[in-house]
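Listed below are the residues making up each chain.
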Amino acid sequence: MTSPVKVEREQRRAQRRAEMVRAAMDAVRAHGPGVSVAEIAAAAGITKPVLYRHFTDRADLQRAVGEQAAALLFTRIAPELLLQRPPVEQIRAAVDAFLAGIEAEPELWRFVVHHPIEASMGEEIAEDVRQRIAAILASLIRERLGQTGRDASGAEAWAQGLVGMVQSAGDWWLERRTITRAALTDHLTALIWGGLAGLAGLDPEGDGDV
């Protein structure tokens, strides 16, 4: 049996690690995705040796920060997909939630997806978020097509394509800003809804209720 003292020690260690992750996120916001360990330690008010007592190496620290940043984005999008509303409005809300998320935290988004040092790690974290969002979306597509008696065998492929398209468009928009977020949301919603409405045999000019 684990002793109460050991449990308390592990809890304090986990709390301290979480505090350092939050400080690291602040450092990313201030210094960008190429933030150094020294800058992260300074943001946490500690030295690098102390920081490394709580993380096995730099990759461990980067993963912890990336996972927390990705979780922030996921918590914005997932509720919008699960709310009961007309499909076209559900699509619009989810797309806007994603764009709002990367607009609010551009440096954290770049840190997760375009990490300059641990690229493969950032890709893995971003892929996990994409897969979770795609799974919810695929389930919704299957449900909608099932209600109209349509073939839903392509639901997973469609969901993957839609998530990838929105992410790619969001990356482009974050760097260029040649149109407003509202305009990009409208364009992506029209493209996504037009395709899904066609698959479900619905009127793309309607709201999608069956």
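Below: a short report on this structure.

The rules behind each value
- Here, residues in each chain are numbered from 1, in the same order as that chain's written sequence.
- A pLDDT threshold of at least 70 governs which residues receive local features in this predicted model, and a stricter bar of 80 or more applies before side-chain atom pairs are shown or counted, although totals over entire chains, interfaces and linings include all residues.
- Excluded from the side-chain calculations are hydrogens and water; all other atoms, namely the structure's heavy atoms, are used.
- Only DSSP runs of H or I with at least four residues qualify as helices, and only runs of E with at least two residues qualify as strands; both kinds are numbered from the N terminus onward.
- A 1.4 Å probe rolled over the protein chains alone gives each residue an accessible area, and that area as a share of the maximum for its type sets the label: buried under 20%, exposed over 50%, partly exposed in between.
- By the convention used here, residues are in contact when the closest approach between their heavy atoms is within 4.5 Å.
- Centres within 6.5 Å make a pair out of two Phe, Tyr or Trp rings, where for Trp the six-membered ring is used; the pair is then stacked when the planes are under 30 degrees apart, edge-to-face when over 60, and tilted otherwise.
- Only Lys NZ and Arg CZ are tested; either one counts as a charge over a ring when it is within 6 Å of the ring centre and within 35 degrees of the ring normal.
- Note on definitions: angles span 0 to 180 degrees between N-to-C directions of axes, and those axes are lines fitted to C-alpha atoms, for helices only across the stretch in contact.
- The cut-offs work like this: below 35 degrees is roughly parallel, past 145 is roughly antiparallel, 65 to 115 is roughly perpendicular, and the gaps in between are oblique.
- Amino acids are sorted into nonpolar (Ala, Val, Leu, Ile, Met, Phe, Trp, Tyr, Cys and Pro), charged (Asp, Glu, Lys and Arg) and polar (every other residue, Gly among them).
- Here the nonpolar core consists of buried residues drawn from Ala, Val, Leu, Ile, Met, Phe, Trp, Tyr and Cys, with membership extended through side-chain atoms lying within 4.5 Å.

**Considering the overall build of the protein chain**
Counting its regular elements, the protein chain contains nine helices and zero strands. Of all 210 residues assigned to the protein chain, the portion counted as buried reaches 42%. Put simply, of all contacts in the protein chain between residues at least 6 apart along the chain, 65% involve residues at least 24 apart.

**Looking at the packing of aromatic side chains**
Scanning the entire structure with this criterion turns up one aromatic pair. On the basis of an interplanar angle of 85° and a centroid distance of 5.4 Å, the ring pair of F98 and W109 is categorised as edge-to-face. In this pair, F98 is assigned in helix α5 (residues 87-104) and W109 in helix α6 (residues 106-113), connecting sequence segments eleven residues apart. Judged by its relative accessible area of 7%, F98 falls in the buried class. A cation over a ring is seen here: R177 above W173, with NZ or CZ 4.3 Å from the ring centre.

**Some thoughts on the environment of I179**
Note that I179 resides in the loop between α8 (155-176) and α9 (181-200). In this view, I179 contacts W172, W173, L184 and H187; residues no more than four positions away in its chain are not counted.

**So, the packing of helix α1 (residues 4-31) against α6**
Running from N to C, α1 and α6 cross one another at 105°; their axes reach a closest spacing of 8 Å. In this view, α1 runs roughly perpendicular relative to α6, as classed from their interaxial angle. Every residue of α6 that contacts α1 at M25, V28 and R29 is listed here: E107, L108 and F111. Here the residues of the contact of α1 with α6 are counted per class, giving four nonpolar, no polar and two charged.

**A word on the nonpolar core**
Formed by 62 residues in total, the largest nonpolar core has its most connected members in L51, V65, F98, I102 and I141. When residues of this core are traced back to their parent elements, those giving at least two are α1, α2 (37-44), α4 (58-82), α5, α6, α7 (119-147), α8 and α9. Per-element accounting of this core gives the leading share, ten residues, to α4. If sequence neighbours within four positions are ignored, I102 has contacts with L73, W109, G170, W173 and L174.

**Looking at the environment of H31**
The topology assignment puts H31 in helix α1. Residue H31 is classed as partly exposed on the basis of its relative accessible area of 45%. When the C-alpha atoms of H31 and E107 are compared, they prove to be 8.3 Å apart, with 76 residues separating the residues in sequence.

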